[in-house]
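# Results of the structural survey
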Amino acid sequence: MASSSSFTTRIRRYQVFPSFHGPDVRKGFLSHLQNHFASKGITTFKDQEIERGQTIRPELVLAIRQSRVSIVLLSEKYASSSWCLDELVEILKCKEAFGQNVMTIFYQVDPSDVRKQRGDFGSAFEKTCQGKTEEVKQSWSKALTDVANIEGEHSLNWANEAEMIRKIASDVSNKMNITPSRDFDGMVGLEAHLKKLNSLLWPGCYDPKPKNIIGIWGPAGIGKTTIARALYNQLSGGFQLKCFMGNLKGSLKSIVGVDGLESKKSLQQLLLSKILNQMDIKTDHLGAIRDRLQDQRVLIILDDVDDLEQLEVLADKPSWFGSGSRIIVTTEDKKILKAHGIQDIYHVDYPSVKEAVEILCLSAFKQTSIPRGFEELVYKVANLCDYLPLGLCVVGSSLRGESKHEWELQLSRTETSLDGKIEDVLKVGYNRLSKKDQSLFLHIACFFNNEVVGYVISMLSDRNLDVGNGLKTLEDKSLVHISTNGRIVMHHHLLQQLGRQIVLEQFDEAGKRQFLIEAEEIHDVLTTETGTGSVIGISYDTSNIGEVSVSKGPFEGMRNLRFLRIYRSLFGGKGTLQIPQDMEYLPRLRLLHWDHYPRKNLPPRFQPERLVQLHMEHSYFEKLWGGIQPLPNLKSINLSFSSRLKEIPNLSNATNLETLKLTKCASLVELPSSISSLHKLSKLNMRGCSKLRVIPTNINLASLEKVDMSYCSKLSRFPDISSNIKTLRVGKTKIKDVPPSVAGCWSRLECLKIGSSSLKRLTHAPLSITSLDLSNSDIKMIPDCVINLPHLIGLIVVNCKKLVTIQALPPSLETLNANDCVSLKRVCFSFHNPFMILTFYNCLKLDEESRRVIMQQSVYEYICLPGKEIPAEFCHKAAGRSITVPVAPGTFSASSRLKACFRILPVGHRYHSISCTRMSKRGVAIKICDLAWSSACPPRSEHLFIFHGKLYHGQRNRWHQEDVTISEILFKFNCSFDGNIIECGVQIKTEEAEDSSSSSSEADNFETESSRSESDFETESSSSEVDYYDTEGNNHHTYGDEDYEAESSKLSDMLKFSIELLRDQELIQKDYRLKQ
């Protein structure tokens, strides 16, 4: 059987193919269902123009094969149509061959009648079979039996048909990973916009021309981007490849010294990187998008296009993309759309008076109606804003909580200045701010948008801006909001543009303005040395500047410069700012962020006493500065990927330093003893410093909690630099053991990763450890000190090729990962308390007794080990991924449990989800378990998965509602790659058996929240540590905000440790070359 991944590469012209008997459902149930699909942006195949005959038409077969989901609507007369039955056979063929999703609806018919072809349904079927060959009859009968075994909705179980239809539409959305978002709930008029756009994109079978590229046109601030994002959110689940290219305005603006071809290729690389989710895409020519996507069905939003060339570079012709693709372009300039041949243009008009009033009232009063006494004022303000949605929101927020008198004053101040232009409307909110809050607004607009609150407060602590209260004011007035991860975000790109425009208008001469942002202007100021004391911030994106050289005095006139950021935003950008060796001066900066810094050291006259953050990744220096510098404000240093750095300066005076990041500084040999003064240091990252040998001794840093020295391949000394460390990673080093002094004094250590080929034994370990990783070590058995750890929850011994015996384990252990222990033969352990996870991928030498011990363990989640047959204890077995088990009536209760096993073929995928469902007598699918598993080295031979579950899981108060007289139960096993399940088996434990099993009783007491869905697992994985060897700097300029330290509230410590291990195992197989 082909995997479902092969299906995803096929062209899918439709999202849903419905199979139904027209006279039964077309005008009623089906029409309502299709309306719900249309409202969710789900495209449905419609067969009105296909002439029905005795045999299924080729275009119908093609439609089935090009659909993502097939819905079989089984009604009483469904089997009276040979056409329907042929459709059903073809649908199940696609399910088997391509992994197509098939959903069932039993409309006024009993699933058992369909399954056994009996009753009125069976009579219709027998009549249709008259005159047919036995082969055709058998294929139809098997198809009906198989489809009746698919979980689905039964109309007889629903009191309200409308609710059933809503549930089905929601299920189809979930099948396609369309997750309804609440981000746009309550937005006035949005639903009408989306309905019109959907009708434009999918006009139906009566319009012969597909609308694969459309435009959204309207003035700035009208809501084009919001509408486009809502449409993208609605449609994206139906496309495997999708991309929202936001804020394209100015992306191809000509900059001095930049090759126009390179700019275009960079833009193409950015789109391909986003849509294919690959960070290292390179393009040699402008046909790259066509070459990569011409056979793919894609959804692309090109937002805020202001140049025809942008469309020519990103979506020159519809033939660049596969059939069924949808390209949506938003712009303020209708001429661009016409010039590109886009005829289908949706004009976003101003809202009606009623809608405008609702928008204004929601912003000003948090209700859609006008409070008594404000009627005239509200209509005047709405008219003054020209009904522009963004203006209504901003002005309304600025008047929130104000008296009628304040509203009247505001009207008199703005009546003469507002001329319908967006900038004037936006300035209403800005002009009402105090001088300090206006200054804060400009700082955010020009330099600190999307930055962490704490970082901004530190950066601006010398500016007398009262940042905390100022942010609250800006948030109250809807100028910014604080995201869930604590970042300051301007409500709209136009607000940021407003702030920058205000700065731009300060002076005609760029060198006299507060902030310099435009690359061309920065180029001119630096090369002509015209910067003045007015400049406080420079943010220089060098992605497209080519190579720019300046003389020795570009910063001499900018004595008040506080923030200097020189970076590359585009993948593959090669721009560099070259400075001469005799340049001596940099101002007293608070932020020095200069990636790819070209010199061996910083200018000799640079005084770093005001520095808060020093961020200089991929730089060429060998040493920052000489001697001891005053560094009272410095909180973060990041010199990662600076491969020539040989020496860290004396940091004795950096007493407020919190983060020191030196990832892959490959020439660094020593960590200086001056770090003994860093008692606020909490995070030290020296991962991949391959020449690091020397670390200080006899120090104890008070705040240090996280240390990563993994892949420091020359390091042999244990980093005993703080007894307060909670997480220590020293895998792939030459460290041979944990010193006795560490075992006795490190009472806070929770996670230790120490595995490497140098580790042949472990004689000591702190008793506080909860997660231990000994992967890749040369141990032959589990060390005694590990067995005696009283709090150990998770143990990882992956790829310990000399490990022969697991003779015992700590009683507290919940998870054991012994994957790829190729010499492992014996496992001897037995606990009364169930494990969470036990994995032994590719441990092919396990003896039979060990296999028996492993398989007899009770687990909350699963066991995995090599195996070529289902064990005998699973008395009910079947080929494939479903099994029907005969049962004696009346033997089950709410406490009855299931022990299940299935056998899988070798897989090449890192992540899988597993679920087991049983079908009730009414045909309702009841989930027994829903798990996720992962491995950097997946099973390379046939393996067994074993898990336990409650037969009536989560339904203690409803189990008795089931018909306990049933004579059989259907179980279905699902894996994210179902084609790999080749055999399954189950064992049902009755109430009597449960009473005699203490371990099962323990599992009964386990609460449901410890189970984990696939989406939970992926969420935690994505928020875990970003691989340092794959990350070459980012555009977030914050300290102490590394993703890898995100704490999980859902996963156990062991699972988080396992996720990190997956990354580490991949590192071994990669070439860690730096991009220069």
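Per an unreviewed UniProt entry, the chain is named Disease resistance protein RML1A-like, and its organism is Camelina sativa.

Let's shift gears to the overall build of the chain. Along its length, the chain carries 31 helices and 39 strands. Here the chain holds 1076 residues, and the buried ones make up 55% of them. Restricting to contacts in the chain with at least 6 residues of sequence separation, those with at least 24 account for 62%. Taken as a whole, the chain presents about 44,600 Å² of accessible surface, with 47% of it coming from carbon and sulfur.

Here the focus is the nonpolar core. Grouped together as the largest cluster of nonpolar side chains are 116 residues, with contacts concentrated most on Leu592, Met709, Leu795, Val797, Ile806 and Phe840. For this core, the leading source of residues is helix 24 (residues 519-528), giving 4 residues. Other than its neighbours up to four places away in sequence, Val797 contacts Leu774, Ser775, Ile779, Ile782, Leu803, Leu816, Asn817, Ala818, Asn819 and Cys821. Core analysis: the next-biggest nonpolar cluster, separate from the first, contains 36 residues, Tyr430, Val480, Ile488 and Ile517 among them.

A word on the sheet that holds strand 2 (residues 67-74). If you walk across this open sheet you meet the 4 strands as 1-2-3-4, and the pairing is parallel. Two strands lie at the open edges of the sheet, namely strand 1 (14-19) and strand 4 (152-154), each paired on one side alone. Pairwise comparison of adjacent strand axes, ignoring direction, gives a mean angle of 15 degrees for this sheet. Judged from the 3 bridges that link them, strand 3 (residues 101-106) and strand 4 form a sheet pairing that is parallel. Bridging from a neighbouring strand, Ile105 pairs with Glu153 of strand 4. Along the sheet, helix 4 (residues 82-98) makes contact with strand 1, strand 2 and strand 3, crossing strand 1 at roughly 140 degrees.

Counted under the stated rule, the structure contains 30 salt bridges. One salt bridge in this structure joins Lys167 and Glu153, with 2.9 Å as the shortest N-O distance. Residue Lys167 is located in helix 8 (residues 161-175), and its partner Glu153 is located in strand 4; the two are separated by 14 residues in the primary sequence. On the accessibility criterion, Lys167 (33% relative accessible area) is partly exposed. Judged by relative accessible area, Glu153 falls into the buried class, the value being 16%. The salt bridge involving Arg852 is made with Glu849; its shortest N-O contact spans 2.7 Å. Of this pair, Arg852 and Glu849 both sit in helix 27 (residues 848-856), 3 residues apart, which is roughly one turn of the helix. On the basis of relative accessibility, which here comes to 45%, the residue Glu849 falls in the partly exposed class. If you follow the salt bridges from partner to partner, you end up with Asp462, Arg562 and Arg590 in one network.

So, about the environment of Cys689. Tracing the chain through its elements places Cys689 in the loop between strand 21 (683-685) and strand 22 (706-708). Considering only alpha carbons, one finds Cys689 and Met709, 20 residues apart in sequence, at a separation of 7.6 Å.

Between its first and last C-alpha, helix 10 (residues 224-235) extends 16 Å over 12 residues, near the 16 Å set by a 1.5 Å rise per residue. Taken together, the buried positions of helix 10 are occupied by Lys224, Ile227, Ala228, Ala230, Leu231, Tyr232, Gln234 and Leu235. Here the buried face of helix 10 lies against helix 2 (22-39), helix 9 (190-201), strand 5 (213-217), strand 6 (241-245), strand 7 (298-305) and strand 8 (326-331).

Another point: the packing of helix 20 (residues 435-448) against helix 22 (residues 467-476). At a minimum axis distance of 10 Å, the contact between helix 20 and helix 22 shows a crossing angle of 85 degrees. The angle between helix 20 and helix 22 places the two elements in the roughly perpendicular class. On helix 22, the residues that touch Asp437, Leu440, Phe441 and Ile444 of helix 20 are Val467, Gly470, Leu471, Thr473 and Leu474. Class assignment for the residues of the contact of helix 20 with helix 22 results in 6 nonpolar, 2 polar and 1 charged.

Here we take up unusual backbone geometry. One non-glycine residue, His596, lies in the positive phi region at around 60 degrees. Judged by relative accessible area, which is 14%, His596 ranks as buried. For Lys664, which is not glycine, the phi torsion reads 55 degrees and is therefore positive. Structurally, Lys664 can be placed in the loop between strand 20 (659-661) and strand 21.

With that settled, the discussion passes to the packing of aromatic side chains. The full count for this structure, using the stated rule, is 21 aromatic pairs. Arranged with centres 4.8 Å apart and planes meeting at 40 degrees, the rings of Phe29 and Tyr107 form a pair that is tilted. Pair noted here: Phe29 is in helix 2 and Tyr107 is in the loop between strand 3 and helix 5 (111-116), with a separation of 78 residues, a long-range link. Take Phe29 and Tyr107: they sit in the same class, and that class is buried. One aromatic cluster in this structure is built from Phe447, Phe448, Tyr455, Phe515 and Phe563. The positively charged end of Arg229 is found above the aromatic ring belonging to Phe244, 4.1 Å away from the centroid. For the cation-ring pair, Arg559 lies above Tyr585, with the distance from its terminal atom to the ring centre recorded as 4.4 Å.

To continue, consider the pairing of strand 1. Burial of strand 1 is extensive: 5 of the 6 residues sit out of reach of the surface. The pairing of strand 1 with strand 2 spans 5 bridges and is classified as parallel. Paired with Val16 across the bridge in strand 2 is Val69.

Strand order in this open sheet of 5 strands is 6-7-8-5-9, and the pairing throughout is parallel. One side of each edge strand has no neighbouring strand; the edge strands of this open sheet are strand 6 and strand 9 (345-347). When strand polarity is set aside, the average angle formed by the axes of neighbouring strands in this sheet is 15 degrees. Two strands pair when backbone bridges link them, and strand 7 and strand 8 are joined in this way by 5 bridges, in the parallel orientation. Across the sheet, residue Ile301 finds its bridge partner in strand 8, namely Ile328. Along the sheet, helix 11 (residues 260-276) makes contact with strand 6 and strand 7, crossing strand 6 at roughly 130 degrees.

On to the side chain of His596, then. As for its position among the elements, His596 is in the loop between strand 17 (591-594) and strand 18 (613-615). A polar contact of 3.5 Å, which involves the side chain of His596, links it to the side chain of Arg568.

The interhelical angle for the contact between helix 4 and helix 7 (residues 134-148), taken along N-to-C directions, is 65 degrees, at an axis separation of 9 Å. With respect to their mutual orientation, helix 4 and helix 7 come out roughly perpendicular. The two elements helix 4 and helix 7 meet at a crossing, and its hand is left-handed. Residues Ser82, Leu85, Asp86, Leu88, Val89 and Leu92 of helix 4 pack against Ser139, Trp140, Ala143, Leu144, Asp146 and Val147 of helix 7. Its residues assigned to classes, the contact of helix 4 with helix 7 shows 8 nonpolar, 2 polar and 2 charged.

This brings us to the environment of Val188. Structurally, Val188 can be placed in the loop between helix 8 and helix 9. Accessibility expressed as a relative area gives 24% for Val188, which makes it partly exposed. Sequence separation of Val188 and Pro389 is 201 residues, and the distance between their C-alpha atoms is 9.4 Å. With sequence-adjacent residues up to four places away left out, Val188 is seen in contact with Glu355, Glu358, Ile359 and Leu362.

Residue placement: Leu624 occurs in the loop between strand 18 and strand 19 (636-638). Separated by 25 residues in sequence, Leu624 and Pro649 have C-alpha atoms that sit 6.4 Å apart. Residues in contact with Leu624, not counting those within four places in the same chain, are Asn601, Leu602, Leu614, Met616, Leu639 and Pro649.

There is a patch of like positive charges on the surface, built from Lys600, Arg644, Lys646, Lys691, Arg693, Lys714, Lys734 and Lys736. Inspection of the secondary structure puts Lys736 in the loop between strand 23 (727-729) and helix 25 (740-745).

Counting across every chain of the model gives 0 disulfides. Unpaired in terms of disulfides, Cys689 finds its nearest cysteine sulfur in Cys712, a separation of 5.0 Å.

Rules and cut-offs
- Residues numbered from 1 in each chain as written.
- Predicted model: local features only at pLDDT ≥ 70, side-chain atom pairs only at ≥ 80, totals over all residues.
- Heavy atoms only, no water.
- Helix = DSSP H or I, 4+ residues; strand = E, 2+ residues; numbered from the N terminus.
- Buried < 20%, exposed > 50% of the residue type's maximum accessible area, 1.4 Å probe, protein only.
- Contact = heavy atoms within 4.5 Å.
- Areas by Shrake-Rupley, 256 points an atom, 1.4 Å probe, with all protein chains shown as cover.
- Core = buried A, V, L, I, M, F, W, Y, C linked by side-chain atoms within 4.5 Å.
- Pairing = 2+ DSSP bridges.
- Axes fitted to C-alpha atoms, helices over the stretch in contact; angles between N-to-C directions.
- Salt bridge = Lys/Arg side-chain N within 4 Å of Asp/Glu carboxyl O.
- Expected span 1.5 Å × (residues − 1).
- Parallel < 35°, antiparallel > 145°, perpendicular 65-115°, else oblique.
- Nonpolar A, V, L, I, M, F, W, Y, C, P; charged D, E, K, R; others polar.
- Phe/Tyr/Trp six-rings, centres within 6.5 Å; stacked < 30°, edge-to-face > 60°.
- Lys NZ or Arg CZ within 6 Å of the ring centre and 35° of its normal.
- Polar contact = N/O pair within 3.5 Å; in protein donor to acceptor, adjacent residues only side chain to side chain.
- Left-handed = near helix turned anticlockwise from the far one by under 90°.
- Patch = residues over 30% accessible without salt bridge, like charges linked within 9 Å, V, L, I, M, F, W, Y side chains within 5 Å.
- Lys, Arg positive; Asp, Glu negative; His and termini not counted.
- Charge placed at Lys NZ, Arg CZ, Asp CG, Glu CD.
- Disulfide = S-S within 2.5 Å.

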